[in-house]
Amino acid sequence: MPSLLSLSKIHKAMNLASLYLSSPINQLAPEPVEFAALTRLVSCKSIAQLKQIHASIIKTKPPQTQEQKQLLYAKLILHCSDDDAGYASSVLARLDSSDVFVYNETIRKFARSQGSCFMALVAFKVMLENGVVPDRYTLPFVLKACAEMREVGVGRVVHGFVVKCGMVVNLYVKNTLMRLYAVCGGVGDVQKVFDGSPERDLVSWTTLIQGCVKSGLAKEGIDAFFEMGEENLRADEKLMVVVLSGCARLGDLQLARRMYRYVCENRLNVDVFVGNALVDMYMKCGDLDFAWKVFNDMDEKNVVTWNAMIAGLAQLGEFKEALSVFRRMQKLGLRPDDITLVGVLNSCANSGALELGKWVNAFIDKNGILADGYIGNALVDMYAKCGSIDEALRVFASMKYKDVYSYTSLIVGLAAHGQAEKALQVFAEMPKKVIKPDEVTFVGVLTACSHAGLLQEGQKHFEDMSDVYNLSPLPEHYGCMVDILGRSGLIDEAEEFIQKMPIEPDAFVWGALLGACSIHGRVVQGKWVLEKLIEIEPGKDGAYILMSNIYSSASRWKDALKLRKSMKDQKLKKAPGCSSIELDGTVHEFRKGDKSHPKFQQIHAMLDNITFQLKNVEHAANSCELL
DNA sequence: CTAGGGTTAG
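Here the structure is a predicted model, which means the values were calculated and not measured. (Residues numbered from 1 in each chain as written. Chains lettered and ligands numbered in written order. Predicted model: local features only at pLDDT ≥ 70, side-chain atom pairs only at ≥ 80, totals over all residues. Heavy atoms only, no water.)

Put simply, helix 10 (residues 152–164) and helix 11 (residues 171–183) touch, their axes get as near as 10 Å, and they point 155° apart. As judged from the angle between their axes, helix 10 and helix 11 are roughly antiparallel. Handedness of the helix 10/helix 11 crossing: left-handed. Where helix 10 approaches helix 11, its residues Val152, Gly155, Arg156, His159 and Val162 are matched on the opposing element by Val173, Leu177, Leu180 and Tyr181. Its residues assigned to classes, the contact of helix 10 with helix 11 comprises six nonpolar, two polar and one charged. (Axes fitted to C-alpha atoms, helices over the stretch in contact; angles between N-to-C directions. Helix = DSSP H or I, 4+ residues; strand = E, 2+ residues; numbered from the N terminus. Parallel < 35°, antiparallel > 145°, perpendicular 65-115°, else oblique. Left-handed = near helix turned anticlockwise from the far one by under 90°. Contact = heavy atoms within 4.5 Å. Nonpolar A, V, L, I, M, F, W, Y, C, P; charged D, E, K, R; others polar.)

Given below as structure tokens:
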């Protein structure tokens, strides 16, 4: 108990309380106080009204007994809204009750809403100072307040207190304690509490699994679920939702189907939560048809249902489809929330739907939504990917809270627009704002260096990755370096660089080297690299095409033809090419081999025309080369 | 007077 009193946070709160105690409004409460119009408090709506009643009670009929006084104070506190923390704490400080129930009610009230959780801790402190011993009801409220505030520090002290009074065995206490650690990201601690006492129920399992899933250990969470089954416990809807979201993260379709069977076999009610979790799970596991089936079968849908569909489609690369779902949602008059907008912007970004993206931007402005955080980042990315780099810069500049995502979106965007110098400038801003770049940021930085041919600068950033930022370079970073070296003509150095890689080079790394061979006409080396690439990813066509270009540029037509023939013989699956363009607000999507566009004929006639004219130019260019 | 649920960007 004493350790709690030393908490600086609570001390700060008490200082706040004493500050309010000396403010004029509180001098309205002189002793002895009065008690009469308590009934009027029940209908009291505002803090002003409350204080008025308080004052009139004091003036007319003060409470006669200690009990009446305490009752008055307790009622006053319970009638305070979240913003009245100052007033509440001043009354609280005079609440000299020894009744646990009075404190429990007070703490419960404060812990119930976000804005007043701090007051719950203050009330707890007053309780302890008044020598009142917390019971099994008090602690869940206090722990809940800590969890809401993400105050693990205070939570740990309360935990110590819980252990001291042997309260861990109470399931409610134990489960709220687990929840505290779960929301604060400490799976290890959740597990410890879980293992700490033998009694556990569905809530304990739900919290444990939630803790795993939320901290990226979905596999462990699912394992725990099966372990639970061995104890002959059956999941309910709330637990199922958590398990389904874990499966969604794993992206394992087989597991997903197994979980769906579990839902059916156990006759779980597919309410809007379970339905949403199912839709999300099937989307993330790639079973679009079944996701649609669940979606259509749901009789109650909400914005989350639509969001799951939109975000899921965007993630599957079905951007056009995602946007059409958004339009359907709008036709039904459903209001999108910020998560909808992020999904829509993501789809715009990846399908080039600048007009719709601008519309979303206007929607955001019109509705007074702050273009910050997630939304701001999605806007920056959308503008950058749709070619409006200046708009991306504008949104970025207007953002108040910038994080690593904001910077990365812009840096990657600038690099893609050939503005390497600007990209590096923006990158240089990050340390000043104390924002730590991550792996993706460095992909942007290194691409910028590669496009601008900045060999030394690229090398320096690459070294900084591990030396300064403690990041382990991924294959794509090595790929960028190979690209930088290759473009500078240092092909042997690039090859040596690959040999020295501490991780296994992947197709992108070898691909970058092959690209370099192609630029510099290295036929022999190219052939060798091609063999490497075939080893790693047989059946892909990209490397063959690159190599056949190398042969062609070296005028080794026979070799080029041989290679093309071997591609045909192997029936190589071609990477599905896809591109899209927006015209008057409609996105037109083109896929390799897809003839479904209404103007397919005309488009191809035009393409033939362009190809024909290009051939003439090419011919001229090639002739020049021969001279 | 007590605890556990779904969707989010580079």
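What follows covers unusual backbone geometry. In this structure, arginine 267 is a non-glycine residue whose phi angle is positive, near 55°. Summarising the element assignment, arginine 267 is placed in the loop between helix 16 (253–265) and helix 17 (272–284). Phi is positive for valine 434, which is not a glycine, with a value near 50°.

Since one α-helical turn is 3.6 residues long, residues separated by three or four positions face the same way. Those residues of helix 26 (residues 420–432) that sit buried are Ala420, Ala423, Leu424, Val426, Phe427 and Met430. Considered in projection along helix 26, the buried side chains sweep an arc of 160° and stay on one side of the axis. Of the residues in helix 26, the exposed ones pointing more than 90 degrees away from the buried face are Glu421 and Lys432. Structurally, helix 26 contributes buried residues whose contacts are with helix 24 (389–398), helix 25 (404–416), helix 27 (439–452) and helix 28 (455–467). Remark: valine 434 follows helix 26 within two positions and exhibits a positive phi of approximately 50°. (Buried < 20%, exposed > 50% of the residue type's maximum accessible area, 1.4 Å probe, protein only. Arc of directions from axis to C-beta.)

This paragraph deals with the packing of aromatic side chains. Enumeration over the complete set of coordinates arrives at 17 aromatic pairs. Pairing phenylalanine 225 with phenylalanine 226 gives two aromatic rings, centres 5.6 Å apart and planes at 55°, and the pair type is tilted. Note on phenylalanine 225: relative accessible area 2%, which makes it buried. Relative to tryptophan 359, the ring of phenylalanine 326 has its centre 6.1 Å away and its plane inclined at 65°; by these criteria the two rings are edge-to-face. Of this pair, phenylalanine 326 sits in helix 20 (residues 319–331) while tryptophan 359 sits in helix 22 (residues 354–366), and the two are 33 residues apart along the sequence. With a relative accessible area of 0%, phenylalanine 326 lands in the buried category. Judged by relative accessible area, which is 35%, tryptophan 359 ranks as partly exposed. Grouping aromatic residues by their ring pairs yields a cluster made of Phe225, Phe226 and Tyr262. Sitting above the plane of the phenylalanine 194 ring, lysine 174 keeps its charged end 5.6 Å from the centroid. Its guanidinium or amino end placed over the ring of phenylalanine 295, lysine 301 lies 4.9 Å from that ring's centre, counting from NZ or CZ. (Phe/Tyr/Trp six-rings, centres within 6.5 Å; stacked < 30°, edge-to-face > 60°. Lys NZ or Arg CZ within 6 Å of the ring centre and 35° of its normal.)

Moving on, we come to the protein's contact with DNA strand B. Neighbouring DNA strand B are 49 residues; Asn175, Asn276, Asn302, Asn307 and Asp438 lie closest to it. Within 4 Å of the protein, the contacting atoms of DNA strand B are 37% sugar and phosphate, with bases supplying the remainder. Lysine 214 has a polar side-chain atom sitting 3.4 Å from a phosphate oxygen of DNA strand B. In this structure, a base nitrogen belonging to DNA strand B sits 2.8 Å away from a side-chain N or O atom of asparagine 302. In the surface near DNA strand B, the residues fall into 20 nonpolar, 14 polar and 15 charged. (Near = heavy atom within 4 Å. Polar contact = N/O pair within 3.5 Å; in protein donor to acceptor, adjacent residues only side chain to side chain.)

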